[in-house]
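The chain contents come next:
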Amino acid sequence: MPRNDQTHYSEITKEVVRGKEIWEANNCMGCHSIMGEGGYYAPELTKVLDRRGEGYVKAVLMSPVPWAPRGRKMVAYKMSEADANAMVAYFQWIGKLDLNGFEHVVSPLAKQE
Ligand code: HEC
């Protein structure tokens, strides 16, 4: 175990890995950012579970129509419950990383909250 582990990698379960695979395969980063990395079209997602809660996040991912209450469209992925749960597991893990104080919201959309 690294001496300065800030990722609590021992909590990387199979579901977290699956969530990361879905994240990569669908180019979520083309529109969203995590820890400031990625696109700035859509909300920053590092702390999305703190802001929105699991139910809201799953509804967005499983929606059969593009989720767009604020005008810009989220892709309608129509995710299965298992895939949506894997994404939530990934966001849970990401949300608990030690961010070294990088907590500010960088997405103009997320700023409206
Ligand atoms: C084409 C751009 C685009 C892609 C690609 C995309 N999204 Fe989104 N997503 C959006 C936009 C825009 C919103 C905000 C919609 C609104 O609230 O009006 C959003 C909203 C969300 C939200 C809710 C965030 C919040 O703060 O309300 C989550 C969670 C989310 N997306 C996850 C994902 C995941 C996971 C992927 C990949 C599987 C993904 N998105 C891919 C554009 C995108």
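To start, this report covers the structure provided alongside it. These numbers come from a predicted model, not from an experiment.

Calculation notes
- Residues numbered from 1 in each chain as written.
- Predicted model: local features only at pLDDT ≥ 70, side-chain atom pairs only at ≥ 80, totals over all residues.
- Heavy atoms only, no water.
- Axes fitted to C-alpha atoms, helices over the stretch in contact; angles between N-to-C directions.
- Helix = DSSP H or I, 4+ residues; strand = E, 2+ residues; numbered from the N terminus.
- Parallel < 35°, antiparallel > 145°, perpendicular 65-115°, else oblique.
- Contact = heavy atoms within 4.5 Å.
- Nonpolar A, V, L, I, M, F, W, Y, C, P; charged D, E, K, R; others polar.
- Expected span 1.5 Å × (residues − 1).
- Buried < 20%, exposed > 50% of the residue type's maximum accessible area, 1.4 Å probe, protein only.
- Arc of directions from axis to C-beta.
- Donors = N, O, S within 2.8 Å, 3.2 Å for Na, K, Ca; no water.
- Salt bridge = Lys/Arg side-chain N within 4 Å of Asp/Glu carboxyl O.

1. Focus on the packing of helix H1 (residues 14-25) against helix H4 (residues 81-95)
So, step 1. Viewed as axis vectors pointing N to C, H1 and H4 meet at an angle of 100 degrees, and their least axial separation amounts to 7 Å. The pairing of H1 with H4 is recorded here as roughly perpendicular in orientation. Where H1 approaches H4, its residues Glu-15, Val-16, Arg-18, Gly-19, Lys-20, Ile-22 and Trp-23 are matched on the opposing element by Asp-83, Asn-85, Ala-86, Met-87, Ala-89, Tyr-90, Phe-91 and Trp-93.
So, step 2. In terms of residue class, the contact of H1 with H4 is built from 9 nonpolar, 2 polar and 4 charged.

2. What about H1?
So, step 1. Taking 1.5 Å per residue as the helical rise, H1 with its 12 residues ought to reach 16 Å, and the 16 Å between its terminal C-alpha atoms agrees with that figure.
So, step 2. Of the positions making up H1, those classed as buried are Val-16, Gly-19, Ile-22 and Trp-23. In a view along the axis of H1, the buried residues occupy a sector of 120 degrees, so they form one face of it. More than 90 degrees from the buried face of H1, the exposed residues found are Lys-14 and Ala-25.

3. Digging into the coordination of the iron atom of the ligand
So, step 1. The protein atoms that coordinate the iron atom of the ligand are His-32 (NE2) and Met-74 (SD), at distances spanning 2.0 to 2.1 Å.
So, step 2. On the basis of relative accessible area, His-32 is assigned to the buried category, the value being 12%.
So, step 3. Residue Met-74 is classed as buried on the basis of its relative accessible area of 18%.

4. Notes on the pattern of salt bridges
So, step 1. Enumeration according to the criterion identifies 5 salt bridges in this entry.
So, step 2. The partner of Asp-83 in a salt bridge is Arg-18, with the nearest N and O atoms 3.2 Å apart. Of this pair, Asp-83 sits in helix H4 while Arg-18 is found in helix H1, placing the two residues 65 residues apart along the sequence.
So, step 3. A salt bridge links Glu-24 to Lys-20; the nearest nitrogen and oxygen atoms lie 2.6 Å apart. One end of the pair is Glu-24 and the other is Lys-20, both in helix H1 and 4 residues apart, which spans about a single turn.
So, step 4. Residue Glu-24 is classed as partly exposed on the basis of its relative accessible area of 46%.
So, step 5. The class of Lys-20 is partly exposed, set by a relative accessible area of 33%.
So, step 6. A single salt-bridge network, built from bridges that share partners, covers Arg-18, Glu-21 and Asp-83.

Limitation: the analysis is restricted to geometry and does not speak to function.
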